[in-house]
Amino acid sequence: MSTKNPTALTVHNKSKVLDIEFDDGASFSIPFELLRVYSPSAEVMGHGPGQEVLQIGKRDVGIAAMDPVGNYAVQPTFTDGHNTGLFTWDYLYKLGNEKDKLWQDYMDRLHAAGLEGDSGRDPAKAPAPAPHVHGPSCGHKH
């Protein structure tokens, strides 16, 4: 994949979307919630395939700051305190380009976790995370 370079990036706090335009003419409006639940951080992605952590209660998340990282990425600080994801231009392009599929995958994962409708998106209705149970498939060395 060749690197895509943004020509414009606008944070819209009222509508909670990130608008981004690229040098190939593509432009996307990416909801903050989608950015947050697909943050490329270890906290969200885990440390390998199958270790992803389902993010719940992120419907109202905002972006408090958006810091540039070199010429290749931005690091948002979300209003829930999360700020460890580095969003490269290629990753933002992927999120924008695959937004509908990723959103459906997210909703499917919420439903598979027993969160009906869009209750998993509501911070007031989101259940507390389940405690970690150690066992042969948890990924820790025993």
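Each remark here, short or long, concerns the structure printed above.
Source: prediction; values computed, not measured.

About the cut-offs
Residues numbered from 1 in each chain as written. Predicted model: local features only at pLDDT ≥ 70, side-chain atom pairs only at ≥ 80, totals over all residues. Heavy atoms only, no water. Helix = DSSP H or I, 4+ residues; strand = E, 2+ residues; numbered from the N terminus. Contact = heavy atoms within 4.5 Å. Areas by Shrake-Rupley, 256 points an atom, 1.4 Å probe, with all protein chains shown as cover. Expected span 1.5 Å × (residues − 1). Pairing = 2+ DSSP bridges. Salt bridge = Lys/Arg side-chain N within 4 Å of Asp/Glu carboxyl O. Buried < 20%, exposed > 50% of the residue type's maximum accessible area, 1.4 Å probe, protein only. Phe/Tyr/Trp six-rings, centres within 6.5 Å; stacked < 30°, edge-to-face > 60°. Lys NZ or Arg CZ within 6 Å of the ring centre and 35° of its normal.

A word on the overall build of the protein
Looking only at helices and strands, the protein has four helices and six strands in total. When its helices and strands are written in sequence order, the protein yields β-β-β-α-α-β-β-β-α-α. For the protein, contacts bridging at least 24 residues in sequence account for 43% of all contacts bridging at least 6. If you sum the accessible surface of the protein, you get close to 8200 Å²; carbon and sulfur atoms cover 52% of it.

Observations regarding the environment of Phe-22
Take Phe-22: it is sitting in strand β2 (residues 17–22). For the pair Phe-22 and Ala-8, spaced 14 residues apart in the sequence, the C-alpha separation amounts to 7.1 Å.

Focus: helix α4 (residues 99–112)
Taking 1.5 Å of rise per residue, the 14 residues of α4 would be expected to cover 20 Å, and the 20 Å separating its terminal C-alpha atoms lies within 8% of that figure. Buried residues belonging to α4 abut α1 (32–37) and α3 (89–97). Just downstream of α4 lies Gly-114, where phi reads positive at about 90 degrees.

Quick look at the sheet that holds strand β6 (residues 87–88)
What the three strands build is an open sheet, ordered β4-β5-β6; its pairing is antiparallel. Of all strands in the sheet, those bounded by a partner on one side alone are β4 (63–69) and β6. Judged from the two bridges that link them, strand β5 (residues 73–78) and β6 form a sheet pairing that is antiparallel. Residue pairing for β6: Val-74 is matched across the bridge by Phe-87.

Section: the pattern of salt bridges
Taken as a whole and assessed by the stated rule, the structure comprises seven salt bridges. We note a salt bridge from Lys-94 to Glu-98, for which the minimum N-O separation is 3.3 Å. The partly exposed category is assigned to Glu-98, whose relative accessible area is 28%. Look at the salt bridges and you will find they share partners, linking Arg-36, Glu-43, Lys-58 and Asp-80 into a network.

Comments concerning the environment of Asn-5
In this structure, Asn-5 sits in the segment before β1 (6–12). Distance in space between the C-alpha atoms of Asn-5 and Trp-89 is 6.2 Å, their sequence separation being 84 residues. With sequence-adjacent residues up to four places away left out, Asn-5 is seen in contact with Glu-21, Phe-22, Asp-23 and Trp-89.

Digging into the pairing of β2
Sheet analysis places β1 next to β2, joined by six bridges and oriented antiparallel. Across the sheet, the residue bridging to Thr-10 is Asp-19, located in β2. Between the antiparallel neighbours β1 and β2 lie four residues, among them Lys-16 with a positive phi of about 60 degrees. In terms of strand pairing, β2 meets strand β3 (residues 27–31) through five bridges, oriented antiparallel.

Some points on the packing of aromatic side chains
Summed over all chains, the structure comprises five aromatic pairs. Ring plane angle 85 degrees and centroid distance 5.2 Å describe the contact between Phe-28 and Tyr-93, whose orientation is recorded as edge-to-face. Here Phe-28, found in strand β3, pairs with Tyr-93, found in helix α3; they are 65 residues apart in sequence, far enough to count as distant. Residue class for Phe-28 comes out buried when judged on its relative accessible area of 13%. Three or more aromatic residues link up through ring pairs in this structure, and these residues are Phe-22, Phe-28 and Tyr-93. Note that Lys-4 overlies the ring of Tyr-93, its terminal NZ or CZ placed 5.0 Å from the centroid.

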